[in-house]
There are 2 protein chains.
Amino acid sequence: MKAGPSQEEIRRHNLGTLLRHVHIDGALSRAVLADRMGLNRSTILGLVSDLASAGLVREELPRDTGRAGRPSLVVRSEHDRAYVLAFDVGVDRLTAARVGLGGVFLDRREAALSAGHRGVGEVTEVLAGFAGELTDSARPGTVCVGVGAAVRGLVREPDGLVRAAFHFDWEDEEFGEDLTRRLDLGLPVAVGNEASLGALAEHLRGAGTGCQELLYLHGDIGIGGGVISGGRLLGGDAGYGGEVGHLVVNPRGGRPCGCGARGCLEAEAGERALLEGARRDPSATGREAVRAVVEAADRGDIAARAALHDVGDWLGIGVASLVNVLNPRTVVFGGTLREVFLGAAAQIRSRINTHALTPAREHLRLRVGELGDNAALIGAAELAFSRILDGPLEALAHAGPTPEPRGRR
Amino acid sequence: MKAGPSQEEIRRHNLGTLLRHVHIDGALSRAVLADRMGLNRSTILGLVSDLASAGLVREELPRDTGRAGRPSLVVRSEHDRAYVLAFDVGVDRLTAARVGLGGVFLDRREAALSAGHRGVGEVTEVLAGFAGELTDSARPGTVCVGVGAAVRGLVREPDGLVRAAFHFDWEDEEFGEDLTRRLDLGLPVAVGNEASLGALAEHLRGAGTGCQELLYLHGDIGIGGGVISGGRLLGGDAGYGGEVGHLVVNPRGGRPCGCGARGCLEAEAGERALLEGARRDPSATGREAVRAVVEAADRGDIAARAALHDVGDWLGIGVASLVNVLNPRTVVFGGTLREVFLGAAAQIRSRINTHALTPAREHLRLRVGELGDNAALIGAAELAFSRILDGPLEALAHAGPTPEPRGRR
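Residues numbered from 1 in each chain as written. Chains lettered and ligands numbered in written order. Predicted model: local features only at pLDDT ≥ 70, side-chain atom pairs only at ≥ 80, totals over all residues. Heavy atoms only, no water.

Chain A appears in an unreviewed UniProt entry as ROK family protein from Streptomyces flavalbus.

In structure tokens:
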């Protein structure tokens, strides 16, 4: 038991907060940091000095101030001292990256994922192989401080059990534990739903930067989503929050959905509905297929126009419902919903105007994702950075010495 | 600028936190408080002593420990030193209460509100009259530390402008400012949406006690709602969050809604839909009318059964959508939805089972509200208590000396 937070706890918190500011916002002067954190400059100086000694930040001249006179130094995160590993288990590809502080992609691996090879064991084996290559390529003296992974399924907090991934036929798979074991880095793999992590990424580094109330919708073979409320990811009771693809928009006579129900937003406005409506081959999914429908609609193809109109209708109705319940400031359309939004914005807006309450929608911004196919991977990296941003020096100490590259062992 | 929180800030925070514990949970021993707050016993002793000197808590023997031996003293809030005024602008009545720390109702006023007298000026005049009577009846030495009001409309944060109250024909009404002016207590009136405040009340003192992820649905002439996420009320960008009555469940061919759209949950599952479906006089709304339909359905009245079945269907579909998006632990049915839930629970559950994802619903609890028609009033009181729970001694100092009852001036 203790009498309030100790000096040490306050210092750890302040170190983490300072590192978070430069990690997210890039180079910041000490004066700006002092102002943002409500601390005096000598305290900031001490914190910067500690982080610089640990190799996590450096001070340097700003790149271009645009002002005359001697510019102030800025504090910048060192992207080459502490890194995380981030993984994205996509519908048809596996991606891995080594990401440095500041969100800098240092190295990257990718492999196609064919339908017959989506077992958890096969997936984690490929990812572990990537991890070995990525850590081998790290400069000596750099350390891995976290691992994060995005999966297209319902992920239980806090243990990363994948309860259901409809498009993978996964059910209650111990993906997080399995990957942790295979990587053997002494760090637990933090697992999150891909659309929730996409929401986090667009909130921190994309179309929703600075916005504390954000709704993210992600389209690929299904429709996923993530809600940022009060600046935090809304996980709900066990981490399953944000499944906007299973908002019921057409319960009576709607299309069957992969989840077993009917009339879900995903069933009415997902890729399959669009491609079928446009009389395309519904098995040829993905961004190119969606883009082809949007382009055909632009050229006047009647089936494509009708399909895009319908999908825009359902999407607008779904977003309107969510605007009434969540009152977000920004809605971001990511994945293939980016293309759908660009092709059906008028229809989507019209439905929102009909169905969302005026006060709830009057300051609403509709945006397309800025991070493209990297959103989930960037979100996984941010999940992995949590530990070092909570206690920078402790995370470094825990990470221990840099392992020798495997070739030299 | 400062170097971290000062001792004074830490102490203020700790005083507020301790007061909040006994305010919400009733009598607690110092040992329990020390454990909950992570502070040592001598710090707790000092905090209790400060609060006791201010007259906000007292220490006493527990009422019944059920154990042999000398029992430990417990700390209890004094409900007669600091109070708040709480108002509820209901569909057909105005309610006001003087509420002491610990949520104790000390006094109460109520008046019917007829359709022709729902102007903001008329409403605030009645409420100000109640406030005068309630403060006059307060014991000398007690002080008013906050005022809160619940209204059936979309309330803008933080200024309490009522943007729209469909059932009152209010639009952009400065209700909060008007009431603040009329009360002239030197305290701003904090205004909230009635269902959001009902959610807060059921979360703190009702069916959702201890639950950090709660969805509350409130039925009266419409359907309102409130979402507790991470233990906090989800307000969204401007405070309009939680409007679950305008979730779109039947967009194609649905019933017209008061908001101007079609197929909202409120239109399909609200009182009017139930009464019309049961072939009752739809103008005779309210709890008795709803209860009569449920009882008629119980007796086998075919129209009543069909109406209750339909309403249960839509309600279940709406809740399923919300479960997928929010992953709440508990759903609470309040207002007249209490009666609807009791009459249609099987139908509601069946639709949730069909439309909500298994992981999101497997630990879901469906409950009826425990606070009845007082939910919004209790929530308004809790809103008004925020200030004293943030800084107890500062709030008392700000409240100043007890005003003399008006009769004695």
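There is more to say, and it comes next.
Draft legend 1. Here's a closer look at the overall build of chain A. When its secondary structure is counted, chain A shows 14 helices and 16 strands. The proportion of buried residues among the 409 residues of chain A is 56%. A sequence separation of at least 24 residues applies to 63% of the contacts in chain A between residues at least 6 apart. Distance between charge centroids for chain A: 5 Å, based on 47 positive and 53 negative side chains. (Helix = DSSP H or I, 4+ residues; strand = E, 2+ residues; numbered from the N terminus. Buried < 20%, exposed > 50% of the residue type's maximum accessible area, 1.4 Å probe, protein only. Contact = heavy atoms within 4.5 Å. Lys, Arg positive; Asp, Glu negative; His and termini not counted. Charge placed at Lys NZ, Arg CZ, Asp CG, Glu CD.)

Draft legend 2. Structural detail: the packing of helix α1 (residues 7-25) of chain B against helix α14 (residues 392-399) of chain B. Residues and elements named next belong to chain B. At their nearest, the axes of α1 and α14 sit 7 Å apart, and the two run at 90 degrees to each other. What the angle tells us is that α1 and α14 run roughly perpendicular. Seen from α1, the contacting residues are R12, L15, G16 and L19; seen from α14, they are P392, L393 and E394. Residues that form the contact of α1 with α14 fall into these classes: four nonpolar, one polar and two charged. (Axes fitted to C-alpha atoms, helices over the stretch in contact; angles between N-to-C directions. Parallel < 35°, antiparallel > 145°, perpendicular 65-115°, else oblique. Nonpolar A, V, L, I, M, F, W, Y, C, P; charged D, E, K, R; others polar.)

Draft legend 3. Fine view of helix α4 (residues 120-136) of chain B. In a regular helix each residue adds 1.5 Å, so 17 residues correspond to 24 Å; α4 of chain B covers 24 Å between its end C-alpha atoms and thus fits that length. Taken residue by residue, α4 of chain B has V120, V123, T124, L127, A128, F130, A131, G132, L134 and T135 of chain B as its buried positions. (Expected span 1.5 Å × (residues − 1).)

Draft legend 4. The sheet that holds strand β9 (residues 162-165) of chain A, seen in detail. Residues and elements named next belong to chain A. Spatially, β8-β9-β10 is the arrangement adopted by the three strands of the open sheet, whose pairing is antiparallel. Looking along the sheet, the strands with just one partner apiece sit at the ends: β8 (154-155) and β10 (170-173). Pairing between β9 and β10: three bridges, direction antiparallel. Note that in β10 the partner of A165 across the bridge is W170. (Pairing = 2+ DSSP bridges.)

Draft legend 5. View of the relation of the copies chain B and chain A. For the pair chain B and chain A, the best superposition has an RMSD of 0.0 Å and corresponds to a rotation of 180 degrees with a translation of 0.0 Å parallel to the axis. Such a combination of rotation and displacement between the chain copies is what one expects of a two-fold axis. Using C-alpha coordinates, one finds that chain B approaches the rotation axis most closely at V249 of chain B, a distance of 2.8 Å. Both copies contact each other with a shared surface, as 100% of the interface residues of chain B are interface residues in chain A too. (Least-squares fit on C-alpha atoms with pLDDT ≥ 70 in both.)

Draft legend 6. Fine view of the domain arrangement of chain A. What the domain assignment lists for chain A is domain 1 (7-77), domain 2 (82-196 + 374-408) and domain 3 (210-370). Relative placement of domain 1 of chain A and domain 3 of chain A: their C-alpha centres are 40 Å apart. (Domains from an automatic or database assignment.)

Draft legend 7. Main features of unusual backbone geometry. Cis geometry marks the peptide bond from E157 of chain A to P158 of chain A; its omega dihedral reads -5 degrees. Within the secondary structure, P158 of chain A is located in the loop between β8 and β9. In this model, D172 of chain B sits at a positive phi of 50 degrees, which is unusual for a non-glycine residue. Mapping D172 of chain B onto the fold places it in strand β10 (residues 170-173).

Draft legend 8. A look at the interface of chain B and chain A. Counting from both sides, the interface comprises 57 residues of chain B and, opposite them, 57 residues of chain A. With both sides pooled, the region where chain B packs onto chain A buries about 4800 Å², and carbon together with sulfur makes up 59% of that total. In this assembly, chain B and chain A are joined by eight salt bridges. Here E362 of chain A makes a salt bridge to R163 of chain B, at a shortest N to O gap of 2.3 Å. Along the contact surface separating chain B from chain A lie 22 residue pairs in polar contact (both at pLDDT 80 or more). (Buried area = accessible area lost by both parts, 1.4 Å probe. Salt bridge = Lys/Arg side-chain N within 4 Å of Asp/Glu carboxyl O. Polar contact = N/O pair within 3.5 Å; in protein donor to acceptor, adjacent residues only side chain to side chain.)

Draft legend 9. Main features of the sheet that holds strand β8 (residues 154-155) of chain B. Taken together, the three strands give an open sheet; going across it, the order is β8-β9-β10 (chain B), and neighbouring strands pair in antiparallel fashion. Of all the strands in the sheet, the pair left with one neighbour each is β8 and β10 of chain B.

Draft legend 10. Geometry of the side chain of H355 of chain B. With respect to the helices and strands, H355 of chain B occurs in helix α11 (residues 337-355). Not counting chain neighbours up to four residues away, the residues in contact with H355 of chain B comprise H246, V248, P251, A261 and R262 of chain A together with I317, A320 and N324 of chain B.

Draft legend 11. Geometry of the environment of R387 of chain A. All names here are of chain A. Following the sequence through the fold, R387 ends up in helix α13 (residues 375-390). Since its relative accessible area comes to 33%, R387 is described here as partly exposed. The contacts of R387, once residues within four sequence positions are left out, are V145, L187, P188, A395 and H398.

Draft legend 12. Fine view of the pairing of strand β13 (residues 223-229) of chain B. All names here are of chain B. Of all seven residues in β13, seven are buried; the element is thus mostly enclosed. Here β13 shows two buried faces, one formed by I223, G225, V227 and S229 and the other by G224, G226 and I228. In this structure, strand β12 (residues 214-219) lies alongside β13, joined through six bridges in antiparallel fashion. Paired with L215 across the two strands is V227, which belongs to β13. The turn joining β12 and β13, which pair antiparallel and follow one another in sequence, is formed by three residues. Sheet topology places β13 next to strand β14 (residues 232-233); two bridges connect them, and they run antiparallel. Paired with S229 across the bridge in β14 is R232. Hairpin connection from β13 to β14: two residues lie between these consecutive antiparallel strands, with G230 at a positive phi of about 60 degrees.

Draft legend 13. The arrangement of the environment of P359 of chain A in detail. If you trace the backbone, P359 of chain A turns up in helix α12 (residues 358-361). P359 of chain A sits 221 residues away from A138 of chain A along the chain, and the two C-alpha atoms are 51 Å apart. When sequence neighbours within four positions are dropped, the list of residues in contact with P359 of chain A reads L154, R163 and Y240 of chain B.

Draft legend 14. Spatial organisation of the packing of aromatic side chains. Residue and element names in this part refer to chain A. Within the structure shown, the criterion is met by six aromatic pairs over all chains. Their ring planes at 15 degrees and their centres at 4.6 Å tell us that F333 and F341 sit as a pair that is stacked. Taken as a pair, F333 and F341 share a single burial class, namely buried. It is R98 that lies over the ring of Y83; its NZ or CZ is 5.2 Å from the centre. (Phe/Tyr/Trp six-rings, centres within 6.5 Å; stacked < 30°, edge-to-face > 60°. Lys NZ or Arg CZ within 6 Å of the ring centre and 35° of its normal.)

Draft legend 15. How the structure looks around the environment of V319 of chain B. Relative to the assigned elements, V319 of chain B resides in helix α10 (residues 302-326). Sequence-distant contacts of V319 of chain B, that is, excluding residues within four places in its chain, are made with L217, V331, F333 and I352 of chain B.

Draft legend 16. Structural view of the confidence of the model for chain A. Across chain A, pLDDT averages 93, with 95% of residues at or above 70. In this model, residues 404-409 of chain A is a region of pLDDT below 50 whose contacts with residues beyond four sequence positions or in other chains number six contacts. (pLDDT = per-residue confidence, 0-100.)

Draft legend 17. Spotlight on the nonpolar core. L315, L326 and F333 of chain A together with L315, L326 and F333 of chain B are the most contacted members of the largest nonpolar core, which has 103 residues in total. Discounting chain neighbours no more than four positions away, the residues touching L326 of chain A are L215 and V227 of chain A together with L234, G236, G241, V325 and L326 of chain B. (Core = buried A, V, L, I, M, F, W, Y, C linked by side-chain atoms within 4.5 Å.)

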